[in-house]
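# Observations on chain architecture
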Amino acid sequence: MNYFDFNSASEQASFDLIPKGALVRVRMTVKPGGHDDASQGWTGGYATRNTNTGSVYLNCEFVVTEGEFARRKMWSLIGLHSPKGPEWANMGRTFVKAILNSARNVHPGDASPAAQNARRISGFRDLDGIEFLGKVDWEKDQNGQDKSVIKSAVTPDHKDYAAAMGSPRSPVAAPAAPAPNPYAQAAGRPPVPGVPSWAQ
């Protein structure tokens, strides 16, 4: 191949913003920041601490897995702690709860034991690689330009959830590697073979 003959080069990809409000299935990965706080259960180096502000967060990348915007990437932070008060951390917990509801097909109003267990994780590693239905929003970047972000997860009570995530889906079903279930063990129940730990 002659490098200087560009006729065979691929066409430019579009870098237009993903439309605000679009529902996209995404895979979330957490960029490790190396910050641990054993008193909070934050281990594994997943959290990031801003040395200037003292805030702690998960630095997340969201890759669209299918559809018109497949392979497009977005980035957002999930707040864990702010010296200014609990609001940012509470917003982060709300977002993670919605992610788990979306990924594991749990209705927000479901208070059954299985649903409650599906909203538990053993650590941040359980969020690394999780797939869910996200809603695209826009915010300004450091240069004042609009950028697409994921700030909220779409849960099974949304009218378009089943179609976007693939139907039929059994309630509180999600891929998970079998692992010891500390909640079941604490209650003295034996693990159920073939059932994800969070669903036991």
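Basis of the calculations
- Residues numbered from 1 in each chain as written.
- Predicted model: local features only at pLDDT ≥ 70, side-chain atom pairs only at ≥ 80, totals over all residues.
- Heavy atoms only, no water.
- Helix = DSSP H or I, 4+ residues; strand = E, 2+ residues; numbered from the N terminus.
- Expected span 1.5 Å × (residues − 1).
- Buried < 20%, exposed > 50% of the residue type's maximum accessible area, 1.4 Å probe, protein only.
- Contact = heavy atoms within 4.5 Å.
- Phe/Tyr/Trp six-rings, centres within 6.5 Å; stacked < 30°, edge-to-face > 60°.
- Salt bridge = Lys/Arg side-chain N within 4 Å of Asp/Glu carboxyl O.
- pLDDT = per-residue confidence, 0-100.
- Pairing = 2+ DSSP bridges.

Turning to helix α1 (residues 87-103), a few remarks are in order. With 17 residues, α1 should reach 24 Å at 1.5 Å per residue; the first-to-last C-alpha distance of 24 Å fits that figure. Within α1, burial applies to Ala 89, Gly 92, Phe 95, Val 96, Ala 98, Ile 99, Leu 100, Asn 101, Ser 102 and Ala 103. After α1 finishes, the residue Asn 105 shows a positive phi value of roughly 55°.

This part is about the side chain of Asn 101. Looking at the secondary structure, you find Asn 101 in helix α1. Assessed through its relative accessible area of 3%, Asn 101 is described here as buried. When neighbours within four sequence positions are excluded, Asn 101 is seen to be in contact with Val 106, Pro 108, Arg 119, Thr 155, Pro 156 and Tyr 161.

Before going further, it helps to examine the packing of aromatic side chains. Here the structure, examined in full by the defined rule, presents 6 aromatic pairs. On the numbers, 5.5 Å between centres and 90° between planes, the contact of Tyr 3 with Phe 4 is edge-to-face. The burial state of Tyr 3 is the same as that of Phe 4; both residues are exposed. Ring centres of Phe 95 and Phe 132 lie 6.4 Å apart, and the angle between their planes is 85°; on these two criteria the pair is classed as edge-to-face. Here Phe 95, found in helix α1, pairs with Phe 132, found in strand β6 (residues 131-140); they are 37 residues apart in sequence, far enough to count as distant. In this structure, Phe 95 and Phe 132 share a single accessibility class: buried. Grouped by ring-pair contacts, the aromatic residues Tyr 3, Phe 4 and Phe 6 constitute a single cluster.

Non-glycine residue Arg 71 carries a positive phi angle of around 80°. Locating Arg 71 in the fold gives a position in the loop between β4 (56-64) and β5 (73-81). The exposed category is assigned to Arg 71, whose relative accessible area is 70%. Here the phi dihedral of Asn 105 falls at roughly 55°; this positive angle occurs in a residue that is not glycine. For Asn 105, a relative accessible area of 11% gives the class buried.

Taken as a whole and judged by the stated rule, the model has 7 salt bridges. One salt bridge connects Lys 20 with Asp 137, and the closest N-O pair in it is separated by 3.7 Å. Of the two residues, Lys 20 is situated in the segment before β1 (23-31) and Asp 137 in strand β6; the sequence distance between them amounts to 117 residues. For Lys 20, a relative accessible area of 55% puts it in the exposed group.

A residue-level look at the chain finds 82% of positions with pLDDT of 70 or above and a mean pLDDT of 85. Mean pLDDT per element in the chain: helix α4 (residues 182-186) is the minimum at 40, and β4 is the maximum at 97. The low-confidence segment residues 173-193 (pLDDT under 50) makes 25 contacts with residues lying over four places distant or belonging to another chain.

A few words on the pairing of β6. Looking at chain direction, β1 and β6 are connected through 5 bridges and run antiparallel. Bridging from a neighbouring strand, Leu 23 pairs with Lys 135 of β6. Pairing between β6 and strand β7 (residues 146-153): 7 bridges, direction antiparallel. Bridge pairing in β7 places Trp 138 opposite Ser 148.

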